[in-house]
Amino acid sequence: MTSKPMSVLITGANRGLGLEMVRQMLETQGPLSLLFACCRDPEGPKAEALQALAKTHKNTIKVIHMDTADRSSIKRSAQQVGSLLGEKGLNLIINNAAILTHSTVANSTPEDMASAFNTNVIGPMSVIQEFLPFLRAAAKDSGMPGMSCRKAAVVSISSTLGSIQVTPQRYDGFMAVPYRVSKAALNMLNACAAAELQKEEILCTLLHPGWVRTDMGGANASIDAQESVQGMLQLINSMTEKHNGALLDYKGQSIPW
Ligand SMILES: NC(=O)c1ccc[n+]([C@@H]2O[C@H](COP(=O)([O-])OP(=O)(O)OC[C@H]3O[C@@H](n4cnc5c(N)ncnc54)[C@H](OP(=O)(O)O)[C@@H]3O)[C@@H](O)[C@H]2O)c1
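Below, the structure is looked at part by part. Given the structure is predicted, the values throughout are model-derived calculations rather than measurements. (Residues numbered from 1 in each chain as written. Predicted model: local features only at pLDDT ≥ 70, side-chain atom pairs only at ≥ 80, totals over all residues. Heavy atoms only, no water.)

1. Here we look at the sheet that holds strand β6 (residues 203–208)
Okay, step 1: Strand order in this open sheet of 7 strands is β3-β2-β1-β4-β5-β6-β7, and the pairing throughout is parallel. The outermost strands of the open sheet, each flanked by one partner alone, are β3 (61–65) and β7 (247–249). Here the average twist between neighbouring strands, direction ignored, is 20 degrees.
Okay, step 2: Two elements, strand β1 (residues 7–10) and strand β2 (residues 34–39), share 4 bridges in a ladder whose sense is parallel. Its bridge partner lying in β2, Val8 is registered against Leu35.
Okay, step 3: The strands touched by helix α6 (residues 177–197) are β5 (153–157), β6 and β7; relative to β6, the strand with the most contacts, the crossing angle is about 155 degrees. (Pairing = 2+ DSSP bridges. Helix = DSSP H or I, 4+ residues; strand = E, 2+ residues; numbered from the N terminus. Axes fitted to C-alpha atoms, helices over the stretch in contact; angles between N-to-C directions. Contact = heavy atoms within 4.5 Å.)

Put into structure tokens, the structure is as follows:
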């Protein structure tokens, strides 16, 4: 059974997986009432494809300025989104924006680590905090029992690179230490959020999109953004309380912590 959200917010929505999520949510999800597509430079060249989509879906897509590495920017976007949302609140947040730099334990700088934490961990935490009143409103308004992304949910995009268990076998292929550490921390953030928000029936879960051909994944990655997002949206639409606190890949397979 699928249960599609009516209002959605996506961070890092101007390119890569974020942009593909916007595209597929519009083309295959429907009917969505509001899609808040957040990015840090809505007027810049990297947001042209998103702006073009927004032009053809004026009533649904709202392009929102949000730099997830800047708490005050997240606060401002929450005010803007709040002014556009009705009493029904916000059903689904997708914490998608992230950065990746390649460095080892031996040569990662404190700045590399701080910057990965700022965008990949503090960003998603701040988004949950600032938008929580709207998720709560959606959970209360829904009148539906249990948990789902149609009701109120946070889906954070993680990575197998954050898996502590598989690191000994797979470390050499992809060092990216600050990114790995930040995704492991994002996983813990989600575990805490899932435990804390369970009583309010707000679902918090993690998805690994696969190794995807985007700017981050590179040209040699195994799948394209369309396949990854198709899998993730199918999962998102079928999530229940069983998925609270889970870490799954885009095919629905569990990933070791
Ligand atoms: N591609 C893969 O193989 C892969 C594998 C595992 C997990 N993931 C995860 O999937 C998600 C999306 O990755 P992707 O492959 O689509 O990456 P991408 O092509 O590099 O896109 C990253 C997105 O994040 C945005 N972003 C970065 N820093 C931001 C900030 N401070 N504020 C707002 N937006 C910011 C970028 O915006 P700008 O255009 O402004 O830079 C861009 O929209 C990430 O969480 C990533 O860790 C990807």
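2. A look at the environment of Gly252
Okay, step 1: By the secondary structure assignment, Gly252 is in the segment after β7.
Okay, step 2: Sequence separation between Gly252 and Leu207 is 45 residues; the distance between their C-alpha atoms is 8.5 Å.

3. A look at the pairing of β3
Okay, step 1: As paired elements, β2 and β3 share 5 bridges and run parallel to each other. Across the sheet, residue Phe36 finds its bridge partner in β3, namely Lys62.
Okay, step 2: Since β2 and β3 lie parallel, the crossover through helix α2 (residues 48–56) that links them has a hand, and here it is right-handed. (Right-handed = clockwise from strand over helix to strand, strands pointing away.)

4. A few points about the packing of helix α4 (residues 110–142) against α6
Okay, step 1: Look at α4 against α6: their axes get within 8 Å of each other, and the N-to-C directions meet at 20 degrees. Our classification of the angle between α4 and α6 gives roughly parallel. Helix-helix and strand crossings are classified by hand; for α4 and α6 the assignment is right-handed. Contact residues: α4 offers Asp112, Met113, Ala116, Phe117, Asn120, Val121, Pro124, Met125, Ile128 and Leu132, while α6 offers Val177, Pro178, Tyr179, Val181, Ser182, Ala185, Leu186, Leu189, Ala193 and Leu197.
Okay, step 2: Tallied by class, the residues present in the contact of α4 with α6 amount to 17 nonpolar, 2 polar and 1 charged. (Parallel < 35°, antiparallel > 145°, perpendicular 65-115°, else oblique. Left-handed = near helix turned anticlockwise from the far one by under 90°. Nonpolar A, V, L, I, M, F, W, Y, C, P; charged D, E, K, R; others polar.)

5. Some points on the site of the ligand
Okay, step 1: Among the 30 residues in the neighbourhood of the ligand, the closest are listed as Asn14, Arg15, Asn96, Tyr179 and Thr214.
Okay, step 2: Backbone polar atom of Asn96 to an oxygen atom of the ligand: 2.7 Å apart, as the coordinates give it.
Okay, step 3: Isolated, the ligand exposes 900 Å² of accessible area, and the fraction of that covered by the protein chains is 96%.
Okay, step 4: Broken down by secondary-structure element, the contributors of at least two residues to the shell around the ligand are α1 (16–29) and α6.
Okay, step 5: For the shell around the ligand, the class distribution of residues is 12 nonpolar, 12 polar and 6 charged. (Near = heavy atom within 4 Å. Polar contact = N/O pair within 3.5 Å; in protein donor to acceptor, adjacent residues only side chain to side chain. Areas by Shrake-Rupley, 256 points an atom, 1.4 Å probe, with all protein chains shown as cover.)

6. Describing the pattern of salt bridges
Okay, step 1: Enumeration over the complete set of coordinates arrives at 7 salt bridges.
Okay, step 2: In this structure, Asp141 and Lys88 form a salt bridge, with 3.9 Å as the shortest nitrogen-oxygen distance. In this pair, Asp141 sits in helix α4 while Lys88 sits in the loop between α3 (71–84) and β4 (92–95), placing the two residues 53 residues apart along the sequence.
Okay, step 3: Looking at Asp141, the relative accessible area reads 40%, which means it is partly exposed.
Okay, step 4: Here Arg136 makes a salt bridge to Glu200, at a shortest N to O gap of 2.6 Å. (Salt bridge = Lys/Arg side-chain N within 4 Å of Asp/Glu carboxyl O. Buried < 20%, exposed > 50% of the residue type's maximum accessible area, 1.4 Å probe, protein only.)

7. As for the packing of aromatic side chains
Okay, step 1: Within the structure shown, the criterion is met by 1 aromatic pair.
Okay, step 2: Both rings, one in Phe131 and one in Phe134, keep their centres 6.0 Å apart while their planes meet at 65 degrees; by these two values the pair is edge-to-face. Taken as a pair, Phe131 and Phe134 lie in helix α4 at a separation of 3 residues, close to a single helical turn.
Okay, step 3: A relative accessible area of 19% places Phe134 in the buried class. (Phe/Tyr/Trp six-rings, centres within 6.5 Å; stacked < 30°, edge-to-face > 60°.)

8. Comments concerning α2
Okay, step 1: Turning to α2, its buried residues are Leu50, Leu53 and Ala54. The buried residues of α2 all sit within an arc of 100 degrees when viewed along its axis, so they share a single face. Exposed positions of α2 whose direction lies more than 90 degrees from the buried face are Glu48, Lys55 and Thr56. (Arc of directions from axis to C-beta.)

Nothing here speaks to function; it is geometry throughout.
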